[in-house]
Amino acid sequence: MLRVRLGLAAGLVATAVALVMVLSRPPLVVAGSNNVAANFAITFTQGNERACQPGGTVPRGTEAIRVSLSPNIGPRVALRLTSGSTVLTEGTRAAGWGVDETVTVPVKRVARTATDTRVCTTIGPTVEGVQVNGETVREPSGRSTYRLRMEYLRPGDGSWLSRASSIASRMGLAHAPTGAWPAYLAIVAMIAVCVIASRLVLRELR
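Residues numbered from 1 in each chain as written. Predicted model: local features only at pLDDT ≥ 70, side-chain atom pairs only at ≥ 80, totals over all residues. Heavy atoms only, no water.

### Looking at the overall build of the chain
Okay, step 1: For the chain, the count of helices and strands is 3 helices and 10 strands.
Okay, step 2: Secondary structure of the chain in N-to-C order comes out as α-β-β-β-β-β-β-β-β-β-β-α-α.
Okay, step 3: In summary, the chain has a C-alpha radius of gyration of 22 Å against a globular reference of 17 Å for 206 residues, an excess of more than 25%.
Okay, step 4: Counting the 206 residues in the chain, one finds 31% classified as buried.
Okay, step 5: Summing over all exposed atoms, the chain offers an accessible surface of approximately 12,800 Å²; the carbon and sulfur share of this is 59%.
Okay, step 6: Placing the 23 positive and 12 negative side-chain charges of the chain at their respective mean positions leaves the two points 9 Å apart. (Helix = DSSP H or I, 4+ residues; strand = E, 2+ residues; numbered from the N terminus. Rg over C-alpha atoms; globule rule 2.2 N^0.38 Å. Buried < 20%, exposed > 50% of the residue type's maximum accessible area, 1.4 Å probe, protein only. Areas by Shrake-Rupley, 256 points an atom, 1.4 Å probe, with all protein chains shown as cover. Lys, Arg positive; Asp, Glu negative; His and termini not counted. Charge placed at Lys NZ, Arg CZ, Asp CG, Glu CD.)

### Comments concerning the sheet that holds strand β7 (residues 103–106)
Okay, step 1: Taken together, the 4 strands give an open sheet; going across it, the order is β1-β10-β3-β7, and neighbouring strands pair in antiparallel fashion. Edge strands, defined here as strands with exactly one partner in the open sheet, are β1 (28–33) and β7. Averaged over all adjacent pairs, the angle separating strand axes in this sheet is 30 degrees, with direction ignored.
Okay, step 2: Alignment of strand β3 (residues 64–67) against strand β10 (residues 150–155), held across 4 bridges, turns out to be antiparallel. Of the residues in β10, the one forming a bridge with Arg66 is Glu151. (Pairing = 2+ DSSP bridges. Axes fitted to C-alpha atoms, helices over the stretch in contact; angles between N-to-C directions.)

### Section: the nonpolar core
Okay, step 1: The biggest cluster of nonpolar side chains holds 20 residues, and the ones touching the most others in it are Ile65, Val67, Leu69, Leu79, Val103, Leu148 and Met150.
Okay, step 2: Among the elements that make up this core, the one with the highest residue count is strand β8 (residues 114–138) (4 residues).
Okay, step 3: The residues touching Ile65, leaving out its near neighbours within four places in the chain, are Leu79, Val103, Thr104, Val105, Val107, Met150, Glu151 and Tyr152. (Core = buried A, V, L, I, M, F, W, Y, C linked by side-chain atoms within 4.5 Å. Contact = heavy atoms within 4.5 Å.)

### Side note on the pairing of β7
Okay, step 1: Where burial is concerned, the two faces of β7 differ: the one with Val103 and Val105 is buried and the one with Thr104 and Pro106 is not.
Okay, step 2: Two strands pair when backbone bridges link them, and β3 and β7 are joined in this way by 4 bridges, in the antiparallel orientation. By the bridge assignment, Ala64 is partnered in β7 with Pro106.

### Description of helix α3 (residues 181–205)
An α-helical segment advances 3.6 residues per turn. Residues three or four places apart therefore align on the same side.
Okay, step 1: Compared with an ideal rise of 1.5 Å per residue, which puts 25 residues at 36 Å, α3 spans 36 Å between its outermost C-alpha atoms and is within 8% of the ideal.
Okay, step 2: Looking at the buried side of α3, the elements it contacts are α1 (2–23) and α2 (164–171). (Expected span 1.5 Å × (residues − 1).)

### Quick notes on a nonpolar patch on the surface
Okay, step 1: Among the surface-exposed residues, Tyr184, Ile187, Met190, Ile191 and Val195 lie close enough to one another that they form a single nonpolar patch of about 480 Å² accessible area.
Okay, step 2: Assessed through its relative accessible area of 46%, Val195 is described here as partly exposed. (Patch = residues over 30% accessible without salt bridge, like charges linked within 9 Å, V, L, I, M, F, W, Y side chains within 5 Å. Salt bridge = Lys/Arg side-chain N within 4 Å of Asp/Glu carboxyl O.)

### Quick notes on the state of the cysteines
Okay, step 1: The final tally for this structure, using the stated rule, is 1 disulfide.
Okay, step 2: Residue pairing for Cys52: its cysteine sulfur links by disulfide to Cys120, the two sulfurs lying 2.0 Å apart. Handedness of the Cys52-Cys120 disulfide follows from its S-S torsion of about 105 degrees: it is right-handed. Here Cys120 lies in strand β8 and Cys52 lies in strand β2 (residues 39–58), a separation of 68 residues in the sequence.
Okay, step 3: A residue is classified by how much of its surface remains accessible, and Cys52, at 31% relative accessible area, is partly exposed.
Okay, step 4: Taking relative accessible area as the criterion, Cys120 reaches 10% and is therefore assigned buried. (Disulfide = S-S within 2.5 Å.)

### Some details on a positive patch on the surface
Okay, step 1: Judged by side-chain charge, Arg5, Arg199, Arg203 and Arg206 come together as a positively charged surface patch.
Okay, step 2: Along the chain, the position of Arg206 falls in the segment after α3.
Okay, step 3: We classify Arg206 as exposed; its relative accessible area is 66%.

### Focus on the pattern of salt bridges
Okay, step 1: The tally for this structure, following the rule as stated, stands at 4 salt bridges.
Okay, step 2: Residue Arg143 is joined to Glu139 by a salt bridge in which the shortest nitrogen-to-oxygen separation is 3.2 Å.
Okay, step 3: Measuring nitrogen to oxygen at the nearest pair gives 3.1 Å for the salt bridge that ties Arg149 to Glu151.
Okay, step 4: By sharing partners, the salt bridges in this structure join Arg66, Arg149 and Glu151 into a single network.

Dropping the structure here:
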């Protein structure tokens with residue numbers, strides 16, 4: 001019984017610590033883009049493809065790049081950002097990221113603002129076509145190709161916890177009842193459920 005109590009307590013403490021660590025970090029915000037319009041479903045790709053395109057100006061502090069790809073089952077996506085022959089940053093998002101109009105790929109932090117960059121996107125194998133959102137362009141050779149919409153993300157000001165009040169207020173917009181209190185009530189309810197579930201586990205094991 002003592003081992004069960006210790007295990008349950010350790011699990012609850014680990015969950016609380018992880019929650020505090022996540023809430024103490026700042027959210028990622030859009031710091032810039034490659035100025036490509038996110039036109040919906042301009043084409044589809046079957047994966048196993050690598051495409052390079054101009055990246056424009058990439059702000060200092062960029063830690064993730066949001067790419068306008070939309071599949072039902074997300075394939076592996078790898079990015080490499082270069083300026084001339086210098087690799088500024090690179091990163092990979094594993095397969096399985098699910099249904100979405102974009103995929104956010106974490107990259108190594110960009111140390112300084114870079115201009116005239118180039119981004120190469122490698123899309124891994126997929127079981128179905130991946131929808132491309134962006135623009136269709138014609139190369140000097142006359143061949144038609146696409147450019148993906150990309151947004152450069154870096155940590156914003158303040159932590160998630162410091163934004164709790166404004167987030168709760170937004171959650172109440174256009175809902176009945178309105179206000180921030182329903183969000184706080186949901187948090188209290190979840191804590192109560194954890195307490196009750198823990199007590200039930202201990203009681204049943206007796």
